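Remarks on the overall topology
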Amino acid sequence: MFKNLSFFTLILLIISSCNNSTTENQSRIQKRDQILSLITAPSLSTNLINIKDFGALGDSLTDNKPAFDKALEKCKALGGGRIVVSPGIYLVNGPIHLISNVTLDLQKGAKLVFGSNPEDYLPAVLTSWEGTFLYNYSPFIYAYQAENVAIIGEGIIDGNAKDTFSTWHAKQKPSQTLSRKMNHEDTPIKERVFGAGHYLRPHLVQFFECKNILIEDVTLANSPFWCVHLLKSENITARRVKFDAFNKNNDGFDPEYSKNILIEDIDFNNADDNVAIKAGRDHEGRKTGITSENIIIRNCRFKGLHGVVIGSEMSAGVQNIFVEDCTFGGYCKRGIYLKSNPDRGGFIRDIYVNNVEFGDVEDCFFITSYYHGEGSGHETDIRNIFVDSLRCGKVHNAALVIQGYPTKKVSDIYFSNVQIDTAKTAVSFTNAENIVFNNLIIGDEVKVPSHVQ
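The structure reproduced in this document is the subject of the present report.

What counts as what
Residues numbered from 1 in each chain as written. Predicted model: local features only at pLDDT ≥ 70, side-chain atom pairs only at ≥ 80, totals over all residues. Heavy atoms only, no water. Salt bridge = Lys/Arg side-chain N within 4 Å of Asp/Glu carboxyl O. Helix = DSSP H or I, 4+ residues; strand = E, 2+ residues; numbered from the N terminus. Buried < 20%, exposed > 50% of the residue type's maximum accessible area, 1.4 Å probe, protein only. Pairing = 2+ DSSP bridges. Axes fitted to C-alpha atoms, helices over the stretch in contact; angles between N-to-C directions. Phe/Tyr/Trp six-rings, centres within 6.5 Å; stacked < 30°, edge-to-face > 60°.

**Details of the pattern of salt bridges**
Where charged atoms of side chains with opposite charge meet at close range, the side chains can pair. Inspection of every chain in the model, using the stated rule, returns 29 salt bridges. Salt-bridge contacts for Glu324 lead to Arg32; the nearest nitrogen and oxygen are separated by 3.0 Å. Taken together, the residues Glu324 in strand β24 (residues 318-339) and Arg32 in helix α1 (residues 7-36) connect sequence positions 292 residues apart. Note on accessibility: Glu324 and Arg32 belong to one class, buried. Between Glu209 and Lys232 there is a salt bridge, and its shortest N-O distance comes to 3.3 Å. Within this pair, whereas Glu209 is found in the loop between β13 (205-208) and β14 (211-216), its partner Lys232 is found in the loop between β16 (228-231) and β17 (234-239), the two being separated by 23 residues in sequence. Using a relative accessible area of 27% as the deciding quantity, one classes Glu209 as partly exposed. Three or more residues joined by partner-sharing salt bridges are found here, namely Glu216, Asp217, Arg239, Arg240, Glu264 and Arg298.

Rendered as structure tokens:
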């Protein structure tokens, strides 16, 4: 290959390759740091509001919904407040609707346990369910068009949903199908009223059209559906959160149509995706056209179904995602998983995975443009994915998978310094082009070649 090149030219080629790698890394760091400069945690109110001053009792029996409503009214009158919940088990029969300039401070030993009567979460509120806007049961903690909102402290938020709302998964299909039909037919949102008589499970925590959000130190458990849904929101910091969420669809964080987000130092333990980045479903997602972007996930411990997922509801597009310096706290089915299908459209691009490690997995890195083997007419453009220093232990199925679509190939995927101990299948690429490897070891590294004695 190099027979017509001089020694000097070869040296230049090597230097050029090194320089390109260095330049790409510098560019990534500069881009990431620029995004970090846009993310600032909100200032917390100094107006301390003791929830017990409003009749709250942490005896696990008293309904504390009225106390929270009164405390929030007090915060509104003061222009903001920090609702302090001291140790105890607080039953809350109904949602807590946070407002601007309010901090919910759950001290160590405090536990919110939400009631299980669906009627307590009515009237229905504007929300989104699997990428479609509609009216449904209120999320248990809900903020709509609020700013400077925080949930902090070492307490626990328990959705108490295992034997109640979680069982609705088996009954949701008719309403799920109807919601998707309304999406595709562009039914006016005001006519998409679910709630009573339907079985669409509410979220545990949802911020909808909010700015300046902090979620710090709390533990989230036993959610009815997704744990934390960040919908059409921006400037969000989630730090040192813990999950113990084992019900159906208990994703950890679901940013959707949202931007400028820092997720760091999280201990995941979820029955579903740890982080699932979304941007709307099908027709409505493309029509809404708000990209999910500028999301940094770092110093986290993954455990659950999948580590970091993009899709499959991502029709408005996802870009500028950074997954850095993360490891595993236990088994994940898939480590990094990008998924779409030809119903979605949109794009996934400029994704950076750096210094990430998984242990036991089914698949380590997986891209598919044909999720569930369905869809037509709206292929997704997936390109510019940069993976550097990805490590994995035992891979029971496939180490690296790319499944493009015949009319829209996945392209420009760059793997550097990838090391995987064992895998049933090392590489499976279809409908993919311009896939670049630089230092890839799957299985045992081959070192000095053997020689004849």
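**So, the sheet that holds strand β7 (residues 110-114)**
The strand order across the open sheet built from 6 strands is β2-β4-β7-β12-β15-β18, with neighbouring strands paired in parallel fashion. Each edge of the open sheet carries a strand with a single partner, namely β2 (59-63) and β18 (242-244). Shown here is a sheet whose adjacent strand axes are inclined to one another by a mean of 20 degrees, direction ignored. One ladder, built from 5 bridges, connects strand β4 (residues 88-92) with β7; its direction is parallel. By the bridge assignment, Ile89 is partnered in β7 with Lys111.

**A short note on the packing of aromatic side chains**
Tallying each qualifying case throughout the model produces 27 aromatic pairs. Seen from their ring centres, Tyr142 and Tyr144 are 6.4 Å apart, and the 5 degrees between their planes marks the pair as stacked. Here Trp168 and Tyr199 contribute two aromatic rings whose centre-to-centre distance is 5.3 Å and whose plane-to-plane angle is 90 degrees, an arrangement assigned as edge-to-face. With Trp168 in the loop between β12 (156-158) and α3 (173-184) and Tyr199 in the loop between α3 and β13, this pair connects stretches of sequence that are 31 residues apart.

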